[in-house]
Amino acid sequence: MPDTDAPANPLLVSTRNAHKIGEIRAILGPRFLVSDLASLPDLPEVEETGDTFEENATLKAVAASMLFEGWVIADDSGLEVDALGGAPGVLSARYAGEKANDAANNDLLLRNLLPFRAEERTARFRCVIVLARNGRKLAAFSGTVEGGILGRPRGAGGFGYDPLFVPLGHSESFAQLGSDVKNGMSHRGSALRALAAWNGWG
Ligand code: IMP
């Protein structure tokens, strides 16, 4: 039987993205006491110079774990669209430019997909979570969710490309389905459930 009185594991998430933190808290639940980089204002912005989600998650997790004593995770994630050769991929946050916001990224994606029919607009979200401690990477956990890209945004929930992404087997976008449904099937949900099941928590 799980020990419901066990103290929560303090866990720093190496991000300043409020949407990601909200999802991570909701998915991990009370077993983890989640904080974010607001508690480490001196940590300089980590440049995401890697070619893969795992490389970028590793850069972010290891950098924060050199300044914070305890468990640290970083999430690197994005959207891969088959018709665009896997773009925007690791560049998802900066698809329309270095300082691009979600609306600009979504607009560019819709423009680039104009030549493609609905059945050609297959895509997936991918997430890699890296766990680090004392400057060392300990493990990586990944998750994906398959789906397709709509012709126009639908729904007001979520963040990023959620209004354009319809998960396989559904007819509504992640932004319409609501956070509980999204978290139950999302790339981030799968990666975080694997993290929670890691056998090194003690
Ligand atoms: P990162 O902060 O470098 O990992 O960039 C992640 C980017 O990928 C976000 O800014 C979004 O554009 C996109 N992304 C990742 N996960 C999601 C999601 O769950 N919903 C919508 N967009 C996402």
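All values derive from a computational prediction rather than experimental measurement.

Here is what the cut-offs are and how they apply
Residues numbered from 1 in each chain as written. Predicted model: local features only at pLDDT ≥ 70, side-chain atom pairs only at ≥ 80, totals over all residues. Heavy atoms only, no water. Helix = DSSP H or I, 4+ residues; strand = E, 2+ residues; numbered from the N terminus. Buried < 20%, exposed > 50% of the residue type's maximum accessible area, 1.4 Å probe, protein only. Contact = heavy atoms within 4.5 Å. Areas by Shrake-Rupley, 256 points an atom, 1.4 Å probe, with all protein chains shown as cover. Lys, Arg positive; Asp, Glu negative; His and termini not counted. Charge placed at Lys NZ, Arg CZ, Asp CG, Glu CD. Near = heavy atom within 4 Å. Polar contact = N/O pair within 3.5 Å; in protein donor to acceptor, adjacent residues only side chain to side chain. 1 Å grid on protein atoms, 1.4 Å probe; cavity = no way out; pocket = protein on both sides within 12 Å on 5 of 7 lines; lining within 4 Å. Sits in = over half its atoms within 2 Å of the grid points. Pairing = 2+ DSSP bridges. Axes fitted to C-alpha atoms, helices over the stretch in contact; angles between N-to-C directions. Salt bridge = Lys/Arg side-chain N within 4 Å of Asp/Glu carboxyl O. Core = buried A, V, L, I, M, F, W, Y, C linked by side-chain atoms within 4.5 Å. Points joined across faces, edges and corners; volume = space filled by probe spheres on them. Nonpolar A, V, L, I, M, F, W, Y, C, P; charged D, E, K, R; others polar. Right-handed = clockwise from strand over helix to strand, strands pointing away.

1. Here's the deal with the overall build of the protein chain
- A tally of regular secondary structure across the protein chain gives six helices and six strands.
- By principal-axis analysis of the C-alpha atoms, the protein chain measures approximately 50 × 40 × 25 Å.
- Scored against the burial criterion, the 202 residues of the protein chain give a buried share of 46%.
- For the protein chain, contacts bridging at least 24 residues in sequence account for 57% of all contacts bridging at least 6.
- With an accessible surface of roughly 10300 Å², the protein chain has 53% of that area assigned to carbon and sulfur atoms.
- The centroid of the 20 positive side-chain charges in the protein chain is displaced by 2 Å from the centroid of its 25 negative side-chain charges.

2. Quick word on the site of the ligand
- Not every one of the 17 residues close to the ligand is listed here, only the nearest: K20, E48, D162, K182 and R188.
- Take D76: an N or O atom from its side chain is 3.2 Å from an oxygen atom of the ligand.
- In this structure, H187 approaches the ligand through a side-chain N or O atom, which is 3.2 Å from a nitrogen atom.
- Taking 490 Å² as the accessible area of the ligand by itself, protein coverage stands at 93%.
- Counting atoms within 2 Å of the grid points, the majority share of the ligand lands in the largest pocket.
- For the shell around the ligand, the leading source of residues is strand β3 (residues 71-81), giving four residues.

3. Remarks on the sheet that holds strand β1 (residues 9-13)
- Spatially, six strands are ordered β2-β1-β3-β4-β5-β6 in an open sheet, and the strand pairing comes out mixed. Of all strands in the sheet, those bounded by a partner on one side alone are β2 (32-35) and β6 (165-167). On average, each strand axis in the sheet is inclined to that of its neighbour by 40°, with strand direction left out of account.
- Against the sheet, helix α6 (residues 187-196) makes contact with β1, β2, β3, β4 (122-133) and β5 (136-149), and its axis sits at roughly 150° relative to β5, the strand it touches most.

4. Here's the deal with the pattern of salt bridges
- Counting across every chain of the model gives 15 salt bridges.
- A salt bridge links K20 to D75, with the shortest nitrogen-to-oxygen separation between them at 3.0 Å. Of the two residues, K20 sits in helix α1 (residues 18-28) while D75 sits in strand β3, which places them 55 residues apart along the sequence. In this structure, K20 and D75 share a single accessibility class: buried.
- Here E54 ties to K137 by a salt bridge, and the two come within 2.6 Å at their closest N and O atoms. A residue pair is termed long-range when its members are at least 10 positions apart, and E54 in helix α2 (residues 53-65) and K137 in strand β5 qualify at 83 residues.

5. Topic: the nonpolar core
- Membership of the largest hydrophobic core comes to 19 residues, with the highest contact counts inside it found for L11, L28, I73, L192 and L195.
- Sequence-distant contacts of L28, that is, excluding residues within four places in its chain, are made with L11, V34, L192, L195 and A196.

6. Some thoughts on the layout of surface pockets
- Of the volumes computed, that of the largest pocket is approximately 1100 Å³.
- Around the largest pocket, the lining is made up of 38 residues, and of these N17, K20, E48, K60 and A93 lie nearest the centre.
- Among the secondary structure elements, those contributing two or more residues to the lining of the largest pocket are α1, β3, α3 (102-112) and α6.
- Take the lining of the largest pocket: its biggest share by element is five residues, from β3.
- Among the residues forming the lining of the largest pocket, the class breakdown is eleven nonpolar, twelve polar and 15 charged.

7. As for the side chain of T15
- Take T15: it is sitting in the loop between β1 and α1.
- Contact partners of T15, with chain neighbours within four places excluded, come to K20, I21, D36 and L37.

8. Here we look at the pairing of β1
- Across the five residues of β1, four count as buried, placing the element largely inside the fold.
- As for the winding sense of the linkage, the β-α-β connection from β1 through α1 to β2 is right-handed.
- Alignment of β1 against β3, held across three bridges, turns out to be parallel. Pairing of V13 across the sheet is with I73, part of β3.

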